[in-house]
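Structural overview for review
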Number of protein chains: 2
Amino acid sequence: MDTTKYTLDEKKMPKQWYNIQADLPEPLPPYLHPMTKEPLGPQDLAPLFPMELIKQEVSQDRYIDIPDEVLDVYRMWRPTTLYRAHRLEKALDTPAKIYYKYEGTSPPGSHKPNTAVAQVYYNKQEGIKRITTETGAGQWGSALAFAGMCFGVEIKVFMVKVSYFQKPYRRIMMQTWGANCIPSPSEETKSGRDMLAKDPDCPGSLGLAISEAVEEAMSREDTKYSLGSVLNHVLMHQTIVGLEAKQVLEDIGDYPDIVIGCVGGGSNFAGIFLPFLKDKIDGKKPDLRIINVEPFSCPTLTKGPYAYDYGDVAGLAPIAKMFTLGHGFIPPPVHAGGLRYHGMAPIICHLLKLKLVEARAVHQLATFEAGVQFARSEGIICAPETDHAVRVTIDEALKCKETGEKKVILFNNSGHGHFDMAAYDAYLAGKLQDYEYPKEKIEEALKDLPKTEG
Amino acid sequence: MDTTKYTLDEKKMPKQWYNIQADLPEPLPPYLHPMTKEPLGPQDLAPLFPMELIKQEVSQDRYIDIPDEVLDVYRMWRPTTLYRAHRLEKALDTPAKIYYKYEGTSPPGSHKPNTAVAQVYYNKQEGIKRITTETGAGQWGSALAFAGMCFGVEIKVFMVKVSYFQKPYRRIMMQTWGANCIPSPSEETKSGRDMLAKDPDCPGSLGLAISEAVEEAMSREDTKYSLGSVLNHVLMHQTIVGLEAKQVLEDIGDYPDIVIGCVGGGSNFAGIFLPFLKDKIDGKKPDLRIINVEPFSCPTLTKGPYAYDYGDVAGLAPIAKMFTLGHGFIPPPVHAGGLRYHGMAPIICHLLKLKLVEARAVHQLATFEAGVQFARSEGIICAPETDHAVRVTIDEALKCKETGEKKVILFNNSGHGHFDMAAYDAYLAGKLQDYEYPKEKIEEALKDLPKTEG
């Protein structure tokens, strides 16, 4: 068998992130203020984020230097490996070439620290001592806890209560790295206390955890807030993934025809595809296909309207122009918790509107089927989120088998499934189900979009 | 900060294992037959192992070729990375240089597949369709399941019943790779049925699981048995770890003064130190120190006599000359399950007897303290077994701080702790304890050593 993996020399690791805003054919629609519904200015975000991140959010510079201190931490696990999936190709009997970039070797086990490390660094630079955030199953919270440990910044994570108790492993990971992780709703914020007064047994929700984290950050001088996806600067930090992949493919003389990834907030997939998309925009690779994969039960890009909506359930976060299912929409309980978001990164939505990228929705059982096939050929057991990318990769490779085309497919293997084995257990035991398209719930949620000019 | 990690080019990956038997100053004492107590011949082992592994067990060849098919699978995650622990050094304020080889990036998350893959390959070559084994918490069982998947050999794992139900994640991992994993005692063997007749609620034990796996392998033509540590050929397969480490250190112009690892059956540590030990035996590095670290509550090398004893509780396995606490000894329930073995690899025992290596026992709380310090500097959360090596590494680095010596320390980071987070939780919550030296239980168990000439 040929070589199966390629890793850049550490010395060749990219030293700048790529900012797609410099190359967009049309600029992004502005964020709006949640109260005034006027375009948002830097001063509106200052209570929540350090100024450098606010600048990056709207920067038009094509490349932004990665600080040396951030590169030092990246080097703990970066550059990550690009695999050629020879075994999967053989199992599928496809003429397609399949590559995947594997982000599961970071200490928290996913792509998330690519931005967590950068965010904590900039906060530290501006004298911030504490950062709050929210987390569902713990993927993002553990990445921020890791980053806080690296720079000596205190991290406080509001973890959705039901996950705090039912999925303790990532919570323990955060605590092992020294973070303070508490179940939300908590007694520590007004949002939390109000909820507990109404419903002492409230299991919590991501929307409420955001409210708690934002409230605490707004109320303390030494504290800011951090978000793990959706925003422009978060996607930009993730471009290290795509820049590495592009460099390594160039070294071996290859280039993808199709790039595939799963999307919840959109950051892992944008991280890999944006540097390739530049070539499509520049006309160097006009036929490049970029496929966003989302759950059928949370079909933001494939079924939602393109409209201004709140980023969070409570309507405290900025209003963004995006494909949305309505900020009050609660998706069915699929195991890919990281993909259960009502909206999507404004950058990805803008690109979809411009027809520069595509979107596809897949059912839960089909994703686990793909994940097991991947584990039984390539060895790696992926996170349920990642299995969405695997599903469409296999589908595209099987199409090549029919047509005989030798397409080059690249997907982002965003993380391992070590903390999701219970989901695999349920799948193997035949206890998982697919969900119908939640049409009525979405229609109901969409009635509640904010009234804006856009 | 300087470069923190070094990885061999895939093309420079060693193509042979190193066999210490070629360089031992005195030969190993022979195994004895469990019934006759006469030296064991190849024909005695033939019902359990394929002939190639039996040959390797007694081979005097210095190097043995790694088959291409095994190298192909190794390349899924090998060569593994050698890290320079700059952040730990800084946290300890030590002049020592600390390196560690990290085996946690293999799909099962430990060093175990280095031998699992080789063993399954040789079985497959000799027409074997099924392999049985036992597993405690699942580290070994998952590695064999992974290897079985790679070569299309059916794997059946007898998993200690209490772990099967209390620690389901590795069981699910085995099933995801397609292995058949059942709780032991089972109804499928006489050993299992006998136990269930006596005690239907029996929680199982590693000794009983071995008996079930061996019984099934002996009773079927198409089935052999596989062991994950202790035996000479298992240690030899693990030398890929040390050969890679030695090569990479040579490339950067460094060499360890001290090599450290944790020992249960002994395979991960022997894997890293044997290639370096050759230089000590050859007189090239006479002052090299090699420190075996074991739990204080299972102090085989530090407290046991050097005597002939059975490898398993039931007395079915070959009798080996080793340091032992008695084959009936059940250690206190420390979380480092992989180190709870009454005996030790005969090669390591022989080397200790010859004073070529040292041994040290450490308490449980001190190992978790070291593991948390490591996680909070290097980012990686290690398996509780590995934390034993981390403990002594930190101790030796702190000695260097006192003396000002710039020693070079290398330890084997044998695997991650993603499936052991509950142990970290207990430690962080102050719920873990140390155990006294189990003097009386050991004295009792040692009364039951087999009567032999040795």
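Because the structure is predicted, anything quoted here is derived from the model rather than measured. (Residues numbered from 1 in each chain as written. Chains lettered and ligands numbered in written order. Predicted model: local features only at pLDDT ≥ 70, side-chain atom pairs only at ≥ 80, totals over all residues. Heavy atoms only, no water.)

**As for the overall build of chain A**
Tallying secondary structure elements over chain A gives 18 helices and 15 strands in all. Scaling as 2.2 N^0.38, a compact globule of 454 residues should have a C-alpha radius of gyration of about 22 Å, and chain A matches this with 21 Å. Projected onto its principal axes, the C-alpha positions of chain A cover 60 × 50 × 45 Å. When each of the 454 residues of chain A is scored for burial, the buried share is 65%. Restricting to contacts in chain A with at least 6 residues of sequence separation, those with at least 24 account for 77%. Counting every atom, chain A has about 16200 Å² of accessible surface; 50% of that belongs to carbon and sulfur. Taking the 51 positively charged and 59 negatively charged side chains of chain A as two groups, their mean positions are separated by 3 Å. (Helix = DSSP H or I, 4+ residues; strand = E, 2+ residues; numbered from the N terminus. Rg over C-alpha atoms; globule rule 2.2 N^0.38 Å. Buried < 20%, exposed > 50% of the residue type's maximum accessible area, 1.4 Å probe, protein only. Contact = heavy atoms within 4.5 Å. Areas by Shrake-Rupley, 256 points an atom, 1.4 Å probe, with all protein chains shown as cover. Lys, Arg positive; Asp, Glu negative; His and termini not counted. Charge placed at Lys NZ, Arg CZ, Asp CG, Glu CD.)

**Quick notes on the packing of aromatic side chains**
Residue and element names in this part refer to chain A. All chains considered together, the criterion is met by 41 aromatic pairs over all chains. Centroid distance Phe 49 to Tyr 225: 6.1 Å. Interplanar angle 50 degrees. Geometry classified as tilted. Taken as a pair, Phe 49 in the loop between α1 (42-45) and α2 (51-58) and Tyr 225 in strand β9 (residues 223-225) lie far apart in primary sequence, 176 residues in all. Classification of Tyr 225 as buried rests on a relative accessible area of 4%. The interplanar angle of 75 degrees and the centroid separation of 5.8 Å between the aromatic rings of Phe 374 and Phe 411 together place this pair among those described as edge-to-face. (Phe/Tyr/Trp six-rings, centres within 6.5 Å; stacked < 30°, edge-to-face > 60°.)

**Describing the relation of the copies chain A and chain B**
Its rotation angle being 180 degrees, the transformation that places chain A on chain B also includes 0.0 Å of axial translation and leaves an RMSD of 0.0 Å. Taken together, the rotation angle and the small translation identify this as a two-fold axis. Looking at the interface residues of chain A, 100% of them are also at the interface in chain B, so both copies use one shared face. (Least-squares fit on C-alpha atoms with pLDDT ≥ 70 in both.)

**Notes on the sheet that holds strand β15 (residues 408-413) of chain B**
Residue and element names in this part refer to chain B. The strand order β1-β4-β5-β15-β10-β11-β14 describes an open sheet built from 7 strands, whose pairing is mixed. Looking at which strands have only one partner, the edges of the open sheet turn out to be β1 (5-6) and β14 (358-362). Each of β5 (97-102), β10 (258-262), β11 (289-295), β14 and β15 is contacted by helix α16 (residues 384-403), which is oriented at about 150 degrees to β10, the strand it contacts most. (Pairing = 2+ DSSP bridges. Axes fitted to C-alpha atoms, helices over the stretch in contact; angles between N-to-C directions.)

**A look at the sheet that holds strand β10 (residues 258-262) of chain A**
All names here are of chain A. Pairing is mixed across the open sheet formed by 7 strands, whose spatial order is β1-β4-β5-β15-β10-β11-β14. In this open sheet, the two strands that pair with only one neighbour each are β1 (5-6) and β14 (358-362). Its contacts with the sheet place helix α11 (residues 232-251) against β1, β4 (82-84), β5 (97-102) and β15 (408-413), and it is angled at close to 135 degrees to β5. Sheet strands touched by helix α12 (residues 267-281): β5, β10, β11 (289-295) and β15. Its angle to β10, the strand with the most contacts, is close to 160 degrees.

**Describing helix α14 (residues 346-353) of chain B**
All names here are of chain B. Among the 8 residues of α14, 7 are classified as buried, and the element is accordingly described as predominantly covered. Within α14, burial applies to Pro 346, Ile 347, Ile 348, Cys 349, His 350, Leu 351 and Leu 352. A positive phi of about 60 degrees marks Lys 355, the residue just after α14.

**Some thoughts on the pairing of strand β7 (residues 154-160) of chain A**
Two faces belong to every sheet, and in a regular strand the side chains alternate between them. Residues and elements named next belong to chain A. Among the 7 residues of β7, 6 are classified as buried, and the element is accordingly described as predominantly covered. As paired elements, strand β6 (residues 130-135) and β7 share 6 bridges and run parallel to each other. Residue pairing across strands places Glu 134 opposite Phe 158, the latter belonging to β7. Note: β7 against strand β8 (residues 180-184), 5 bridges, orientation parallel. Bridge pairing in β8 links Val 160 to Ser 184.

**A closer look at the interface of chain A and chain B**
Chain A puts 41 residues into the contact, and the matching count from chain B is 41 residues. Between chain A and chain B, the buried area comes to about 3600 Å², and carbon and sulfur atoms account for 55% of it. Sorting the residues of chain A by area buried against chain B places Met 76, Thr 176 and His 418 of chain A first, and these three jointly supply 17% of that buried surface. Inspection of the chain A/chain B interface yields 4 salt bridges. Of all the secondary structure elements, the ones that give two or more residues to the side of chain A that touches chain B are α3 (68-74), α6 (139-151), α8 (168-176), α15 (364-378) and α17 (421-428) of chain A. Here the element with the most residues in the side of chain A that touches chain B is α8 of chain A; it accounts for 6 residues. In terms of residue class, the side of chain A that touches chain B is made up of 21 nonpolar, 10 polar and 10 charged. (Buried area = accessible area lost by both parts, 1.4 Å probe. Salt bridge = Lys/Arg side-chain N within 4 Å of Asp/Glu carboxyl O. Nonpolar A, V, L, I, M, F, W, Y, C, P; charged D, E, K, R; others polar.)

**Here we look at the nonpolar core**
One finds Trp 17, Tyr 74 and Phe 273 of chain B to be the most contacted residues of the largest nonpolar core, which totals 134 residues. The dominant element in this core, judged by the number of residues it contributes, is helix α11 (residues 232-251) of chain B, at 9 residues. Excluding residues within four positions of it along the chain, Phe 273 of chain B makes contact with Val 259, Ile 290, Asn 292, Ile 348, Leu 351 and Val 357 of chain B. Grouped together as the second largest cluster of nonpolar side chains are 132 residues, Phe 323 of chain A together with Ala 96, Ile 291 and Ala 370 of chain B included. (Core = buried A, V, L, I, M, F, W, Y, C linked by side-chain atoms within 4.5 Å.)

**Regarding the pattern of salt bridges**
Residue and element names in this part refer to chain A. Inspection of every chain in the model, using the stated rule, returns 58 salt bridges over all chains. For the salt bridge of Asp 72 with Arg 75, the shortest nitrogen-to-oxygen distance reads 2.7 Å. The exposure classification of Asp 72 matches that of Arg 75, with both residues buried. Beyond isolated ion pairs, a larger network of salt bridges with shared partners links Arg 130, Glu 154, Lys 156, Glu 188 and Glu 216.

**A word on the packing of α11 of chain A against α12 of chain A**
Residues and elements named next belong to chain A. One can describe the packing of α11 onto α12 by two numbers: an axis separation of 6 Å at closest approach and a directional angle of 55 degrees. Considering the angle they form, α11 stands oblique to α12. The two elements α11 and α12 cross, and the hand of that crossing is right-handed. Where α11 approaches α12, its residues Val 234, Leu 235, Gln 238, Thr 239, Val 241, Gly 242, Leu 243, Ala 245, Lys 246 and Leu 249 are matched on the opposing element by Ser 267, Ala 270, Gly 271, Ile 272, Leu 274, Pro 275, Phe 276 and Asp 279. Residues belonging to the contact of α11 with α12 are distributed by class as follows: 11 nonpolar, 5 polar and 2 charged. (Parallel < 35°, antiparallel > 145°, perpendicular 65-115°, else oblique. Left-handed = near helix turned anticlockwise from the far one by under 90°.)

**Regarding the side chain of Lys 101 of chain A**
All names here are of chain A. Tracing the chain through its elements places Lys 101 in strand β5. For Lys 101, a relative accessible area of 1% translates into the label buried. In terms of polar contacts, Lys 101 uses its side chain to reach the side chain of Glu 244, at 2.6 Å. If near-sequence neighbours (up to four positions away) are discounted, Lys 101 is found in contact with Arg 78, Thr 80, Thr 81, Leu 82, Val 241, Glu 244, Ala 245, Ile 272, Leu 410, Phe 411, Asn 412 and Asn 413. (Polar contact = N/O pair within 3.5 Å; in protein donor to acceptor, adjacent residues only side chain to side chain.)

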